[in-house]
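# Remarks on the overall topology
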Amino acid sequence: MRLDPRAALALGLLRLCLAQVNFAPHLFDNGVGSTNGNMALFSLPEDTPVGSHVYTLNGTDPEGDPVSYQISFDPSSRNVFSVDPNFGNITLVEELDREREDEIEAIISISDSLNLVAEKVVILVTDANDEAPRFIQEPYIVHVPEDTPPGSSILKVHAVDKDTGSGGSVTYFLQNMQSTKFAMDRHSGVLRLRPGTTLDYEKARAHFVTVVAKDGGGRLRGAHVVFSATTTVTVNVEDVQDMAPIFVGTPYYGYVYEDTIPGSEVLTVAAMDGDRGKPNHILYSLMSESDGAFEINETSGTISITQSPAQLQREVYELHVQVTEVSSTGSPAAQAIVPVTIRIVDLKNHPPTFYGESGPQNKFEQSLYEHPPQGEILRGLKITVNDSDQGANAKFNLRLVGPGGMFRVVPQTVLNEAQVTIIVENSAAIDFEKFKVLTFKLLAIEVNTPEKFSSTADVVIQLLDTNDNVPKFTSHYYIARIPENVPGGSNVLAVTAVDPDTGPWGEVKYSIYGSGADLFLIHPSTGIVYTQPWASLDAEATARYNFYVKAEDMEGRYSLAEVFITLLDVNDHYPQFGKSIQEKTMVLGTPVKIEAIDQDAEEPNNLVDYSIIRVEPANVFDINAHTGEIRLKNSIRSLEALHNITPNGVYMWSLEVQAKDRGSPSLSTTASLKIDITDTEMLSRSPMDAFLMQTKDNPMKAVGVLAGIMAIIVAITVLISTATFWRNRKSNKVLPVRRVLRKRPSPAPGTVRIEWLKFNRTKAAAKFVLREDAPNGNCNSHSQGSPPPPRAPAPPPPPGMVPRTATAPWTVPTVSGSLSPPQPQCSPKPKALGSPMQSALVAELRQKFEKNNVASKVYF
């Protein structure tokens, strides 16, 4: 059936279009975990080094045309990867940081130059332990009452780690757990008062606790790393009312004269709250012994007389003053009682009186630097004491009442009047860190009067601080353990020193020194010890470092603490064989041993296991994995068994052995080993066989032995000839008459055997006989006639070591005459080399010797 012309034209055009269609290329989808394809569900660790080949784009074109690859990113984001357009290899060109960007969007495309296919992919960035814990809400300062019960929670610290998994988990602990009153919950970070301990404001007003936050560790650039951070918690102890009031200036004595007006002050009692942090208000009161004759001001403690002295019924009143603390709520608290003695006296006897520069004075003040020199006089106190009485009534004693042993008063006994001098007695006790103010009572009491009148004056000394304290470390030594592969600039530990001085004298500066401190630095103010930025630690070279840290104040006062740093070994050395290619000779029943050394510092990183990877032509060996001993399998008991196993009947085996350490990750090294197998029968056939077998692996040993034998022969010959020459010369028995010269025939290589040179001293003239074997092994008869007499004197020739093949007799002349050789005797034929084994060993030894190609050739 014929087609319509128009239908035929349409069909032709359709065929032409189909022939020109070009199908688009496409990328392979290889699924999760694949490193080539279309990057579907591809993930990459954030610690991947820049420049690493991380993926390969892989696709095809239906027509088989060449394809090219491209990768592009959003203009607002970084170009993290680059791609080889021809091979599709994707390379990391920017550092990854999961904490900043955990997903990377990219557009990958494949093109066959006509069609372009693009896909949008999301690359997941997985975590690595690259972030250290960081404390938040610093600084940590807490105020704790001194009566806080043991075990109570004080403060909660919190540190965050941006990593995920174990690298993001944080645990807490105290740096000096043994020397502190506190304990730390390692999971919650809650700081507690340790059970069985209490705080005491009067002993320590502040505590400084160093808290360490450590993450759970994780992988970073192929190694397991752990990061930590430290912070200091300041615990300020708050005073609570747990101390009774304290009276100042006891004992108390007062005097009422007969002309005293009612309402006059007799004396003042002074007391203070024993709790110095937050002292309570003090109220004074009199007990009931006064009979209404005296009253006391409840706030000032001043005792006054309420009646005329003429109305008083007693000469001595023993009063008791009670002080009561009033709490912040207004309720009474602690109390204390002190006795007060008041005497009623007439005007004929007067008590001593204290005077200052402007008249009578009962209070004297001075400022004084702590720890003044021993024996220093307090010249700022201008004190004069006077008693207006006469005679015995004017004699009184001076006494300083208060903290004992610090000062003494001069003079101690006064008549009428004296200038009072106060002298430093104990300089060490005058400490600003213990007392800011020192208060004393200067007491003058009469000696010989029945009334024992007395007067008192307050002496108040304001102490000023000096730089008298040395910064002290919280521990005499610090210990740290760090991996040997920590990067430069890593924190190692923190040291802490405290100077109780105030102001700039209390500021501490840290430094480091010592033979082991070259690789470390210390922050001058925080005390954090860290590695040098360029430091590369190696536990195999130096496993322990020991140096000193120094805490110094502004005037150079310092203390030292010792630091011990131990490097933890990391498996970073491969086991090493002595040679990459080794040759061994194995005797049946006897093992051969290989050995590899791992330079790592600690077990199990330096423990090596051995194995056989490949054997040619057949595996007939077992190896001890721990010792490296290689033995034949138990089924191999003879060379015939080996001959049956191998196709060519060879006894030379090539092995590839592996040495692998037990570290994590494990490292291994391989070496080639050639083993020549023989048995004890072949070695025991002749001494030459044993010698050649022993020197097979070391041909220079055979050369050395032969050279030594030849040197000994030459030395003995020279000594004998010289001794004979000098002996005959001294005896002068025979004069040389002629010199016999005979040309030595050239030796035939490889056919001459040297025998020992024998010396016979049966006659006055010595005979030297060199016995040689003929090349054909037969004995030739020599002429028995005597050689012609010597024609001229000649010295003895040097002993010749050159072998010769001629069978004709020869003569060695000496100074004592010509010597004829004896009749030659038949020499036995040399034995054949024997077994093929010996021939093979000789050939192998000769080949190795020719390879060494020594400078001087020895023929034998």
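Source: prediction; values computed, not measured. (Residues numbered from 1 in each chain as written. Predicted model: local features only at pLDDT ≥ 70, side-chain atom pairs only at ≥ 80, totals over all residues. Heavy atoms only, no water.)

### Description of the overall build of the protein chain
- A count of helical and extended segments in the protein chain gives 6 helices and 60 strands.
- Burial analysis of the protein chain (860 residues in total) assigns 37% to the buried set.
- Long-range contacts, defined as pairs at least 24 residues apart, comprise 66% of the intrachain contacts of the protein chain with a sequence gap of at least 6.
- Total accessible area computed for the protein chain in this model is approximately 48,600 Å², and 53% of it derives from carbon and sulfur atoms. (Helix = DSSP H or I, 4+ residues; strand = E, 2+ residues; numbered from the N terminus. Buried < 20%, exposed > 50% of the residue type's maximum accessible area, 1.4 Å probe, protein only. Contact = heavy atoms within 4.5 Å. Areas by Shrake-Rupley, 256 points an atom, 1.4 Å probe, with all protein chains shown as cover.)

### Structural notes on the pattern of salt bridges
- All told, the structure shown has 15 salt bridges when counted by the stated rule.
- Salt-bridge contacts for Arg614 lead to Glu656; the nearest nitrogen and oxygen are separated by 3.4 Å. Of the two residues, Arg614 is situated in strand S54 (residues 608-616) and Glu656 in strand S57 (residues 652-661); the sequence distance between them amounts to 42 residues.
- Under the relative-accessibility criterion, Glu656 is labelled partly exposed at 22%.
- Between Asp622 and Lys633 there is a salt bridge; the shortest N-O distance is 3.0 Å. Of the two residues, Asp622 sits in strand S55 (residues 621-623) while Lys633 sits in the loop between strand S56 (629-632) and helix H2 (639-645), which places them 11 residues apart along the sequence.
- A residue is classified by how much of its surface remains accessible, and Lys633, at 26% relative accessible area, is partly exposed. (Salt bridge = Lys/Arg side-chain N within 4 Å of Asp/Glu carboxyl O.)

### A word on the side chain of Asn469
- Relative to the assigned elements, Asn469 resides in the loop between strand S40 (454-464) and strand S41 (472-473).
- Of note is the side chain of Asn469, whose polar atom sits 3.1 Å from the side chain of Glu433.
- Polar side-chain contacts of Asn469 include one of 2.8 Å to the side chain of Asp501.
- If sequence neighbours within four positions are ignored, Asn469 has contacts with Glu433, Asp499, Pro500, Asp501, Asp553 and Arg557. (Polar contact = N/O pair within 3.5 Å; in protein donor to acceptor, adjacent residues only side chain to side chain.)

### Side note on the sheet that holds strand S3 (residues 43-45)
- Spatial strand order, S3-S10-S9-S6: 4 strands in an open sheet with mixed pairing. Looking at the sheet topology across the chains shown, the edges are occupied by S3 and strand S6 (68-72). Neighbouring strand axes in the sheet, compared pairwise and without regard to direction, differ in orientation by 30° on average.
- Looking at chain direction, strand S9 (residues 103-111) and strand S10 (residues 116-126) are connected through 9 bridges and run antiparallel. Across the sheet, Ile108 pairs through a bridge with Glu119, a residue of S10. (Pairing = 2+ DSSP bridges. Axes fitted to C-alpha atoms, helices over the stretch in contact; angles between N-to-C directions.)

### Structural notes on the environment of Thr590
- Note on placement: Thr590 falls in the loop between strand S51 (581-587) and strand S52 (592-593).
- When its relative accessible area of 43% is taken as the criterion, Thr590 is described as partly exposed.
- Along the chain, Thr590 and Glu629 lie 39 residues apart, while their C-alpha atoms are 9.6 Å from each other.

### Structural notes on the pairing of S10
- In the sheet, S3 pairs with S10 via 3 bridges, with the strands oriented parallel. The residue bridging Ser43 from the neighbouring strand is Leu124, located in S10.

### Overview of the packing of aromatic side chains
- Within the structure shown, the criterion is met by 15 aromatic pairs.
- Pairing Tyr255 with Phe453 gives two aromatic rings, centres 4.5 Å apart and planes at 85°, and the pair type is edge-to-face. Residue Tyr255 is located in strand S23 (residues 252-257), and its partner Phe453 is located in the loop between strand S39 (437-446) and S40; the two are separated by 198 residues in the primary sequence.
- Since its relative accessible area comes to 10%, Tyr255 is described here as buried. (Phe/Tyr/Trp six-rings, centres within 6.5 Å; stacked < 30°, edge-to-face > 60°.)

### A closer look at the sheet that holds strand S26 (residues 281-286)
- Strand order in the open sheet formed by 4 strands is S23-S30-S29-S26, with mixed pairing between adjacent strands. What marks the edges here is a single partner per strand, and that holds for S23 and S26. Ignoring strand direction, the axes of neighbouring strands in this sheet form an average angle of 30°.
- Bridge analysis of strand S29 (residues 316-326) against strand S30 (residues 332-345) gives 10 bridges, and the strand direction is antiparallel. Each residue of the ladder has a partner; that of Val323, found in S30, is Ala336.

### Quick notes on the layout of surface pockets
- Considered as a void within the structure, the second largest pocket measures approximately 1,800 Å³ in volume.
- Along its surface, the second largest pocket is lined by 44 residues, and Glu202, Lys203, Ala204, Arg205 and Glu433 are the ones closest to its centre.
- Of all the elements in the fold, those that place two or more residues in the lining of the second largest pocket are strand S18 (206-215), strand S22 (246-248) and S39.
- If one sorts the elements of the lining of the second largest pocket by residue count, S18 sits on top with 5 residues. (1 Å grid on protein atoms, 1.4 Å probe; cavity = no way out; pocket = protein on both sides within 12 Å on 5 of 7 lines; lining within 4 Å. Points joined across faces, edges and corners; volume = space filled by probe spheres on them.)

### Observations regarding the confidence of the model for the protein chain
- Across the protein chain, the average pLDDT comes to 79, with 80% of residues at 70 or higher.
- Long-range and interchain partners of residues 734-743, a stretch whose pLDDT sits below 50, account for 28 contacts in this model, where long-range means more than four residues apart.
- Within the model, pLDDT remains below 50 along residues 746-837, and this stretch shows 131 contacts once partners closer than five positions in the same chain are excluded. (pLDDT = per-residue confidence, 0-100.)

### Section: a nonpolar patch on the surface
- Together, Tyr513, Tyr548, Tyr558 and Leu560 make up a nonpolar patch on the protein surface, roughly 380 Å² of accessible area in all.
- Checked against the element boundaries, Tyr513 lands in strand S45 (residues 509-513). (Patch = residues over 30% accessible without salt bridge, like charges linked within 9 Å, V, L, I, M, F, W, Y side chains within 5 Å.)

### Some words on the pairing of strand S35 (residues 395-401)
- By the bridge criterion, 3 bridges tie S35 to strand S37 (residues 413-415) in an arrangement that is antiparallel. Bridging across to S37, Lys395 finds its partner in Leu415.

### Overview of the nonpolar core
- Of all hydrophobic cores here, the largest spans 28 residues; its most connected members are Phe354, Val385, Leu398, Phe407, Leu442 and Ile461.
- Excluding its chain neighbours within four sequence positions, the residues that come into contact with Phe407 are Leu368, Leu378, Leu400, Ile422, Ile423, Val424, Glu425, Ile430, Leu438, Phe440 and Ile461. (Core = buried A, V, L, I, M, F, W, Y, C linked by side-chain atoms within 4.5 Å.)

### Concerning unusual backbone geometry
- That bond from Thr250 to Pro251 is cis: its omega, -5°, falls within 30 degrees of zero.
- Summarising the element assignment, Pro251 is placed in the loop between S22 and S23.
- A cis geometry characterises the amide bond from Ser664 onward to Pro665, with omega recorded as 0°.
- Unusually for a residue other than glycine, Ser113 sits at a positive phi of about 80°.
- Relative to the assigned elements, Ser113 resides in the loop between S9 and S10.

### Concerning the environment of Thr268
- You can see Thr268 is positioned in strand S24 (residues 265-268).
- Measuring from C-alpha to C-alpha, the distance between Thr268 and Gly301 comes to 5.4 Å, with 33 residues separating the pair along the chain.
- When neighbours within four sequence positions are excluded, Thr268 is seen to be in contact with Tyr252, Ser300, Gly301 and Thr302.
- A distance of 3.2 Å separates a polar atom in the side chain of Thr268 from a polar atom in the side chain of Thr302.

### Considering the environment of Glu629
- Mapping Glu629 onto the fold places it in strand S56.
- Look past the residues within four positions of Glu629 in its chain and what remains in contact with it is Pro591, Val592, Lys593, Asp622, Ile623 and Asn624.

### Let's talk about the side chain of Asn571
- Along the chain, Asn571 falls in the loop between strand S49 (558-568) and strand S50 (576-577).
- Judged by relative accessible area, which is 9%, Asn571 ranks as buried.
- Side chain to side chain, Asn571 and Asp661 meet in a polar contact 3.2 Å long.
- A polar contact is formed between the side chain of Asn571 and the backbone oxygen of Pro665, at a distance of 2.8 Å.
- Setting aside residues up to four positions removed in sequence, Asn571 forms contacts with Asp598, Asp600, Asn605, Asp661, Gly663, Ser664, Pro665, Ser666 and Leu667.

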